[in-house]
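What follows is each chain in one-letter form.
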Amino acid sequence: MDAAEERRFREFVSARSPALMRLAFLLTGGDQHAAEDLLQTALVKTVARWKRVETPEAYVRQVMYRQQVSWWRRRGETVVADPPEGALEDGTRGTDLRIVMRGALARLTPRQRTVLVLRYYEDLPEAEVAGILGCSVGTVRSTTHRSLARLRVLAPELKEPYTIFGEVTR
């Protein structure tokens, strides 16, 4: 890699790392260390092909999705702590909902969490999610349905209309 390409890569990493880290954090179910490892692995794989990458952010995201699915298949599911009991009524409802949502997402299966992140956080159409995960559109639809139903069970305090990744859901 020549100096100009290296500078371009460094600028990309500097500019896009916060957004990519948020995505990695969601994909790993809120595990900060696993998110850092996921992003670092994706960036290492990206730099190896940097000269041929036309859309760097899309490429890194694709590597992250595939790497995370690969890790899940090898490791199995990780169990994490339960979400906090009930929300506080002191004006911190939004923060409480995010904490509860994060905890509930962490308790979903890796595939369920990935489908929700791709569909609602990344706002990808079902066909694109199916392509990324290597499954059918019907599988994406049924997994989305089961995942949202499971979220409602895991976090009953979210039964009233609430926001998942910016989209109001009931």
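Throughout, residues of each chain are indexed from 1 in the direction in which the sequence is written. At least 70 in pLDDT is required for a residue's local features to be given in this predicted model, at least 80 for side-chain atom pairs to be given and counted, and no such filter applies to totals for whole chains, interfaces and linings, which use all residues. By convention in this description, side-chain values take in all heavy atoms of the structure and omit both hydrogens and water.

Enquirer: So what's going on with the overall build of the chain? Residues and values would help.
Expert: For the chain, the count of helices and strands is 7 helices and 2 strands. Runs of H or I in DSSP of at least four residues are treated as helices and runs of E of at least two as strands, each being numbered from the N terminus. The helix and strand sequence of the chain, counted from the amino end, reads α-α-α-α-α-α-α-β-β. Partly exposed residues are those whose accessible area sits between 20% and 50% of the maximum for their type, while under 20% is buried and over 50% is exposed, using a 1.4 Å probe and protein chains only. Buried residues in the chain amount to 42% of all 170 residues. We call two residues in contact whenever any of their non-hydrogen atoms come within 4.5 Å of each other. A separation threshold of at least 6 residues defines the contact pool for the chain, and within that pool the share at least 24 residues apart is 63%.

Enquirer: Pulling in residues and values, what's your account of the pattern of salt bridges?
Expert: In the sections that follow, a salt bridge refers to a side-chain nitrogen of Lys or Arg positioned within 4 Å of a carboxyl oxygen of Asp or Glu. Inspection of every chain in the model, using the stated rule, returns 6 salt bridges. One salt bridge connects Arg10 with Glu6, and the closest N-O pair in it is separated by 3.0 Å. Pair noted here: Arg10 and Glu6 are both in helix H1 (residues 3-27), with a separation of 4 residues, about one helical turn. When its relative accessible area of 55% is taken as the criterion, Arg10 is described as exposed. Owing to a relative accessible area of 34%, Glu6 belongs among the partly exposed residues under this scheme.

Enquirer: Account for the nonpolar core, with residues named and values stated.
Expert: Residues Leu39, Val60, Met64 and Leu151 are the most contacted members of the largest nonpolar core, which totals 42 residues. At the level of elements, H1, helix H2 (32-48), helix H3 (56-75), helix H4 (93-107), helix H5 (110-121), helix H6 (126-133) and helix H7 (137-154) are the ones that each hand at least two residues to this core. When residues of this core are assigned to their parent elements, the largest contribution, 9 residues, is made by H1. To define a nonpolar core, start from buried Ala, Val, Leu, Ile, Met, Phe, Trp, Tyr and Cys residues and group those joined through side-chain atoms within 4.5 Å.

Enquirer: I'd love a proper account of the packing of H5 against H6, names of residues and values included.
Expert: For every element, the axis is a line fit to its C-alpha atoms; helices are fit only across the contacting stretch, and the angle between N-to-C directions ranges from 0 to 180 degrees. Close contact between H5 and H6 brings their axes to 10 Å; oriented N to C, the two are set at 140 degrees. As judged from the angle between their axes, H5 and H6 are oblique. Considering how the two elements wind past one another, H5 and H6 form a crossing that is right-handed. Counted together, Arg111, Thr114, Val115, Leu118 and Arg119 of H5 and Glu126, Val129, Ile132 and Leu133 of H6 form the full contact between these two elements. Between 65 and 115 degrees an angle is taken as roughly perpendicular, under 35 as roughly parallel, over 145 as roughly antiparallel, and anywhere else as oblique. Put simply, a crossing is left-handed when the front helix is turned counterclockwise from the back one by less than a right angle, and right-handed when it is turned clockwise.

Enquirer: Describe the environment of Arg102, naming the residues involved and giving the relevant values.
Expert: Structurally, Arg102 is set in helix H4. In sequence terms Arg102 and Phe25 are 77 residues apart; their C-alpha atoms lie 9.8 Å from each other.

Enquirer: Describe the side chain of Glu122, listing the residues and the values that go with them.
Expert: As for its position among the elements, Glu122 is in the loop between H5 and H6. On the accessibility criterion, Glu122 (17% relative accessible area) is buried. Identification of polar contacts relies on pairs of N or O atoms within 3.5 Å, with a donor-acceptor requirement for protein atoms, meaning one able to donate a hydrogen and the other able to accept it, and with residues adjacent in sequence counted only if both atoms are side-chain atoms. Among the polar contacts made by the side chain of Glu122, one reaches the side chain of Tyr65 at a distance of 3.3 Å. Other than its neighbours up to four places away in sequence, Glu122 contacts Leu23, Arg61, Tyr65 and Val117.

Enquirer: Lay out the packing of H6 against H7 in plain terms, naming residues and giving numbers.
Expert: In the contact formed by H6 and H7, the axes pass within 8 Å of each other and the chain directions differ by 105 degrees. One element, H6, and the other, H7, form an angle in the roughly perpendicular class. Residues Glu126, Ala127, Val129 and Ala130 of H6 form the contact with H7, whose own contacting residues are Val137, Val140 and Arg141.

Enquirer: Outline the confidence of the model for the chain, listing residues and values.
Expert: Looking at the chain, pLDDT values average 82 and 79% of them are 70 or higher. Each residue carries a pLDDT score, the predictor's own confidence in it, on a scale running from 0 to 100. Mean pLDDT values for the elements of the chain range from 49 in strand S1 (residues 162-164) up to 93 in H2.

Enquirer: Can you tell me about H7, naming the residues and giving the values?
Expert: Multiply 1.5 Å by the residue count of a helix minus one, and that product is the helix's expected span. End to end, H7 covers 25 Å across 18 residues, agreeing with the expected 26 Å (1.5 Å per residue, within 8%). Those residues of H7 that sit buried are Val140, Thr143, Thr144, Ser147, Leu148, Leu151 and Leu154. On an axial view of H7, the arc spanned by its buried residues comes to 130 degrees, and they lie on one face. Across H7 from its buried face, at more than 90 degrees, point the exposed residues His145 and Val153. Regarding the arc, it is the one traced by the directions from the helix axis to the C-beta atoms.

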